[in-house]
Amino acid sequence: MTLRLGIIGHPVAHSLSPAFQQAAFDASGIDARYERWDTPPAALADRIRSLRAPDVLGANVTIPHKEAVLPLLDELDPFARLVGAVNTIVGRDGRLSGWNTDGPGFLRALRDSAAFEPAGRRFLLVGAGGAARGIGFALARAGAAVIAVWNRTPERAEALVSDLRRAFPAATCEVQSSLARFRGFDAVVNCTSVGMEGSGTEGVLPFDPEETESHCLIADIVYKPELTPLLRAAEAAGRPVLGGLPMLIYQGALAFELWTGKPAPVEVMFAAARAALRASVRP
Ligand code: ATR
């Protein structure tokens, strides 16, 4: 029996997940097909019900369904419940469990791609949307000493900070009021879409990396282009950098490991994602 998986979102035409997940299944010798399951909001409940079929191993969930999917599942991993968002569904014996590998994927990227251990370190998150939530909770759980949050809309930063404080009283969580001059951080993470191809902010920097201390890691969740304007500017300023592609691959690798119980072939996944990115570059 060929197993089936897919990515549930709207739209999903440009997702890289089918390319690198299919490559991972093929390289692991698992007979599975990873599909694009474009699902408008009105069709979400039916789509989730269809995952209970015996040949479905699971799914990924992306914008705009990461929160709406929660009440449709049978079980939630405690971390997904904490974040309030699910990006991975595992189907087993007709029961569906929800997981969040976005934040843990960022942590694995930090450790494996940037050799950066988050425990005891001071982070500034730029942005307070879904991506920032996953990253913030994962950093707090990993023992980060300080998590500061700046957001264009300050109310969202305040909400994230108060949720983090409630869940992790030991971490120092605070709203950052300005990006004009900021010091005292070991890593600054762009959790917004600023700089992403197709966002209308191509070429724009979400903040000036020269405003950080010289040892500060500059991380970007944007992976298209792989070397974003922020990363270019950070490299030019001599800062260590971490791009968005490792986070994308590691969230997928953790999902693969949940579905299959096998280690993900991470290098194969990177190569497939880079090939798909190259193929999608606009003329
Ligand atoms: P995601 O799940 O990818 O995080 P989201 O929940 O829509 O998506 O959050 C997008 C984040 O990018 C938010 O922090 C958003 O800021 P607002 O809360 O003020 O909307 C931020 N963002 C998007 N475009 C931006 C821009 N041009 N300048 C600054 N921040 C921007």
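What you see is a predicted model, and the numbers here were worked out from it, not measured in a lab.

Colleague: Outline the overall build of the chain, listing residues and values.
Modeller: For the chain, the helix and strand inventory stands at nine helices and 12 strands. Taking all 283 residues of the chain together, the buried fraction comes to 52%. Residue pairs in contact within the chain that sit at least 24 positions apart in sequence constitute 68% of those at least 6 positions apart. When the accessible area of the chain is evaluated, it comes to approximately 12,200 Å², of which 53% is carbon and sulfur surface. A distance of 2 Å separates the average location of the 29 positive side-chain charges in the chain from that of its 30 negative side-chain charges.

Colleague: Give me the site of the ligand: which residues, what numbers.
Modeller: Within the structure, the ligand sits among 13 residues, and A131, N151, R152, T153 and R156 are positioned closest to it. N151 is positioned with one of its side-chain polar atoms (N or O) 2.6 Å from an oxygen atom of the ligand. Between the ligand and the protein, one listed contact pairs an oxygen atom with a side-chain N or O atom of R156 at 2.9 Å. Considered on its own, the ligand offers 650 Å² of accessible surface; in the complex 69% of this is hidden by protein.

Colleague: Describe the environment of T2, listing the residues and the values that go with them.
Modeller: Among the secondary structure elements, T2 is positioned in the segment before β1 (3-9). By relative accessible area, T2 is classed as partly exposed at 33%. Residues contacting T2, with those up to four places away along its chain left out, are D31, A32, R33 and D55.

Colleague: Can you lay out the sheet that holds strand β5 (residues 88-92) for me, pointing to particular residues and giving the numbers?
Modeller: Note on sheets: strands pair through backbone hydrogen bonds, and any given pair is parallel or antiparallel. The strand order across the open sheet formed by six strands is β2-β1-β3-β5-β6-β4, and the pairing between neighbours is mixed. The sheet terminates laterally at β2 (32-38) and β4 (75-76), the two strands that pair on one side only. Against the sheet, helix α1 (residues 17-27) makes contact with β1, β2 and β3 (56-61), and its axis sits at roughly 165° relative to β2, the strand it touches most. Contacts from helix α8 (residues 244-260) reach β1, β2, β3, β5 and β6 (95-99) within the one sheet, and its direction differs from that of β5 by about 10°.

Colleague: Please set out the side chain of D55 residue by residue, giving values where relevant.
Modeller: Position of D55 relative to the elements: it lies in the loop between α2 (44-50) and β3. Setting aside chain neighbours within four positions, we find D55 in contact with M1, T2, L3 and R4.

Colleague: I'd love a proper account of the domain arrangement of the chain, names of residues and values included.
Modeller: Segmentation of the chain into domains returns domain 1 (3-100 + 246-280) and domain 2 (117-239). Between the C-alpha centres of domain 1 and domain 2 the distance comes to 25 Å. In terms of surface lost to domain 2, no three residues of domain 1 exceed F79, L82 and V83, which account for 43% of the buried area on that side. Note that E226 and R274 form a salt bridge whose closest N and O atoms lie 2.8 Å from each other. Counting residues per element, the ones that place at least two in the side of domain 1 that touches domain 2 are α3 (78-83), α8 and α9 (266-280). Of the residues contributing to the side of domain 1 that touches domain 2, the split by class is seven nonpolar, one polar and one charged.

Colleague: Summarise helix α6 (residues 154-167); cite the residues concerned and give the values.
Modeller: Across its 14 residues, α6 extends 20 Å between first and last C-alpha, which sits within 8% of the 20 Å expected from 1.5 Å per residue. Within α6, the full set of buried residues consists of A157, L160, V161 and L164. Buried residues of α6, viewed axially, fall in a sector of 100°; they line one side. For α6, the exposed residues lying more than 90 degrees away from the buried face are E155 and R166.

Colleague: Before we move on, could you go through the sheet that holds strand β11 (residues 217-220) and cite the residues and values that matter?
Modeller: The parallel open sheet is built from six strands, whose spatial order is β9-β8-β7-β10-β11-β12. Taken across any chain shown, the strands that pair with only one partner, and hence form the sheet edges, are β9 (172-175) and β12 (241-242). Direction of pairing for strand β8 (residues 146-150) relative to β9: parallel, over a ladder of four bridges. Residue pairing in the sheet places V146 in a bridge with T172 of β9. Here helix α7 (residues 229-236) sits on the sheet and contacts β10 (187-190), β11 and β12; the angle it forms with β11, its principal contact strand, is near 165°.

The rules behind these values
- Residues numbered from 1 in each chain as written.
- Predicted model: local features only at pLDDT ≥ 70, side-chain atom pairs only at ≥ 80, totals over all residues.
- Heavy atoms only, no water.
- Helix = DSSP H or I, 4+ residues; strand = E, 2+ residues; numbered from the N terminus.
- Buried < 20%, exposed > 50% of the residue type's maximum accessible area, 1.4 Å probe, protein only.
- Contact = heavy atoms within 4.5 Å.
- Areas by Shrake-Rupley, 256 points an atom, 1.4 Å probe, with all protein chains shown as cover.
- Lys, Arg positive; Asp, Glu negative; His and termini not counted.
- Charge placed at Lys NZ, Arg CZ, Asp CG, Glu CD.
- Near = heavy atom within 4 Å.
- Polar contact = N/O pair within 3.5 Å; in protein donor to acceptor, adjacent residues only side chain to side chain.
- Pairing = 2+ DSSP bridges.
- Axes fitted to C-alpha atoms, helices over the stretch in contact; angles between N-to-C directions.
- Domains from an automatic or database assignment.
- Buried area = accessible area lost by both parts, 1.4 Å probe.
- Salt bridge = Lys/Arg side-chain N within 4 Å of Asp/Glu carboxyl O.
- Nonpolar A, V, L, I, M, F, W, Y, C, P; charged D, E, K, R; others polar.
- Expected span 1.5 Å × (residues − 1).
- Arc of directions from axis to C-beta.

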